[in-house]
Amino acid sequence: MTLLQVKDLQVRFAAPGSGLFGLRRQWLKAVNGISLSLAAGEVLGLVGESGSGKSSLGRAILRLNEIAAGQVLFDGVDITQGGKLDIERLRRETAMIFQDPYAALNPRLSIGETLAEVLRVQRKVATPLIPRRVDELLAQVGLHAELASRKPGSLSGGQCQRVGIARALAIEPRLIIADECVAALDVSIQGQIINLLLELRQRMNLAILFIAHDLAIVRRLCDRVAVMYLGQIVEEGPVEAVFGAPRHPYTAALIQSIPEIDPTRALPREPLPGEPPSPLHLPSGCAFHPRCRHARPICTEKPPPSHDLKGQRYSCVLEKPLL
Ligand SMILES: Nc1ncnc2c1ncn2[C@@H]1O[C@H](COP(=O)(O)OP(=O)(O)OP(=O)(O)O)[C@@H](O)[C@H]1O
Ligand SMILES: [Mg+2]
């Protein structure tokens, strides 16, 4: 069952300083026409370099960023058109986990108070049952009940991130958007948190949009992966297909940058020179052409054609696998 459907979504920000003193307002297209869907219980990875628009997309889906155009359907309801009730429902059924586990928690509240507050505000359980539910939530993320009385400042990064997950679970969400939620943690703790997410997804049929830089983690955790470049998805599909036979030169370059993804296989060189251009001045044609070693004259002129190979979708003039 399709839980989330995003259609041609656009998010833009006014460029700093533009629109002032009679200057023309310039728009930065952080999300530039994205479509994707997510089934109940499915984990979709969202990858791409810094500034490609991953967080802007994640936040717009939860209506934490303004949407300039396009649609977001949650459980069949268009929440971009939706009124207050639809937004409230979205808040009751979705949650976000953030990168910085400390910054995401209120330092003045104990862990127990933080979780109790969510339960109270979202009216998830009757007030007398809140303490028991807090204990349950802590147990679910592998934390001792004694932690309830502690403040975030006295916890480790991994413990804080578990609290962040517990707080998300308190909502009993159907969709979690996890934005770089393990990036700040040690590798061994990362592994524990990933296992926890996998287990919760299994147990609760959670859908997760997993935003990450780290492709190795995405490969391990996700069913499908979407690759973003300058506000667009350039390739998307099942993890094995995309990692095994990437079709877009940008995907191939990202995969090559994973250390030792498959030591037995010699990978051809697919260098990725330079930085992405500013989304304020998007290149003509295919936005990736200035960095693409396969670029042809047509790539500077026209948007690339889209292909769909059994669910692996990509936009490029090339028609053969690259690795
Ligand atoms: N609130 C904002 N105001 C103005 N510009 C913004 C705002 N948030 C993001 N941007 C710009 O939008 C573009 C996309 O940013 P975004 O944070 O979504 O990228 P990202 O893929 O999440 O990057 P990272 O991997 O570094 O988290 C960037 O050019 C960024 O500078
Ligand atoms: Mg981000």
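On a predicted model such as this, the values are computed, not experimentally measured, just so you know.

Draft legend 1. Region of the structure containing the site of ligand 1. In the vicinity of ligand 1 lie 13 residues, with Ser50, Gly51, Lys54, Ser55 and Ser56 positioned nearest. Glycine 53 is positioned with one of its backbone polar atoms (N or O) 3.0 Å from an oxygen atom of ligand 1. Take serine 55: an N or O atom from its side chain is 2.8 Å from an oxygen atom of ligand 1. Isolated, ligand 1 exposes 630 Å² of accessible area, and the fraction of that covered by the protein chains is 62%. Taken together, the elements giving at least two residues each to the shell around ligand 1 come down to strand 2 (27-39) and helix 1 (54-61). Broken down by element, the residue count for the shell around ligand 1 peaks at three residues, all from helix 1. When grouped by side-chain class, the residues that make up the shell around ligand 1 number four nonpolar, seven polar and two charged.

Draft legend 2. Looking closely at the nonpolar core. Formed by 62 residues in total, the largest nonpolar core has its most connected members in Ile165, Leu197 and Phe210. The two domains that each donate at least three residues to this core are domain 1 (2-222) and domain 2 (247-323). The next biggest cluster of nonpolar side chains, apart from the first, holds 29 residues, and it includes Leu3, Val31, Ile79 and Leu175.

Draft legend 3. Representation of the packing of helix 5 (residues 157-170) against helix 6 (residues 187-204) within the structure. The geometry of helix 5 relative to helix 6 is characterised by a closest axis approach of 10 Å and an angle of 15° between their N-to-C directions. Accordingly, the angle class assigned to the pair helix 5 and helix 6 is roughly parallel. Seen along the crossing, helix 5 lies across helix 6 with a hand that is right-handed. Residues Gly158, Gln161, Arg162, Ile165 and Leu169 of helix 5 pack against Ile189, Gln192, Ile193, Leu196, Leu197, Leu200 and Met204 of helix 6.

Draft legend 4. Focus on the sheet that holds strand 3 (residues 43-47). In space, the eight strands of this open sheet follow the order 6-7-8-3-9-10-12-11, with mixed pairing throughout. Lying at the two open borders of the sheet, with one neighbouring strand each, are strand 6 (94-97) and strand 11 (306-309). Each adjacent strand pair in this sheet contributes to an overall mean axis angle of 15°, direction not counted. The pairing of strand 7 (residues 175-179) with strand 8 (residues 207-211) spans five bridges and is parallel. Counted as the bridge partner of alanine 178 is phenylalanine 210 from strand 8.

Draft legend 5. View of a nonpolar patch on the surface. Among the surface-exposed residues, Leu20, Phe21 and Leu23 lie close enough to one another that they form a single nonpolar patch of about 390 Å² accessible area. Among the secondary structure elements, leucine 23 is positioned in the loop between strand 1 (2-14) and strand 2. With a relative accessible area of 53%, leucine 23 lands in the exposed category.

Draft legend 6. View of the environment of glutamine 71. Within the element layout of this structure, glutamine 71 appears in strand 4 (residues 69-74). Note: C-alpha distance between glutamine 71 and lysine 7 (64 residues apart in sequence) is 5.0 Å. Apart from the residues within four sequence positions on either side, glutamine 71 is in contact with Gln5, Val6, Lys7, Leu9, Asp78 and Thr80. Within the local environment of glutamine 71, its side chain forms a polar contact with the side chain of aspartate 78, the two groups lying 2.9 Å apart.

Reading the values: rules and limits
- Residues numbered from 1 in each chain as written.
- Chains lettered and ligands numbered in written order.
- Predicted model: local features only at pLDDT ≥ 70, side-chain atom pairs only at ≥ 80, totals over all residues.
- Heavy atoms only, no water.
- Near = heavy atom within 4 Å.
- Polar contact = N/O pair within 3.5 Å; in protein donor to acceptor, adjacent residues only side chain to side chain.
- Areas by Shrake-Rupley, 256 points an atom, 1.4 Å probe, with all protein chains shown as cover.
- Helix = DSSP H or I, 4+ residues; strand = E, 2+ residues; numbered from the N terminus.
- Nonpolar A, V, L, I, M, F, W, Y, C, P; charged D, E, K, R; others polar.
- Core = buried A, V, L, I, M, F, W, Y, C linked by side-chain atoms within 4.5 Å.
- Buried < 20%, exposed > 50% of the residue type's maximum accessible area, 1.4 Å probe, protein only.
- Domains from an automatic or database assignment.
- Axes fitted to C-alpha atoms, helices over the stretch in contact; angles between N-to-C directions.
- Parallel < 35°, antiparallel > 145°, perpendicular 65-115°, else oblique.
- Left-handed = near helix turned anticlockwise from the far one by under 90°.
- Contact = heavy atoms within 4.5 Å.
- Pairing = 2+ DSSP bridges.
- Patch = residues over 30% accessible without salt bridge, like charges linked within 9 Å, V, L, I, M, F, W, Y side chains within 5 Å.
- Salt bridge = Lys/Arg side-chain N within 4 Å of Asp/Glu carboxyl O.

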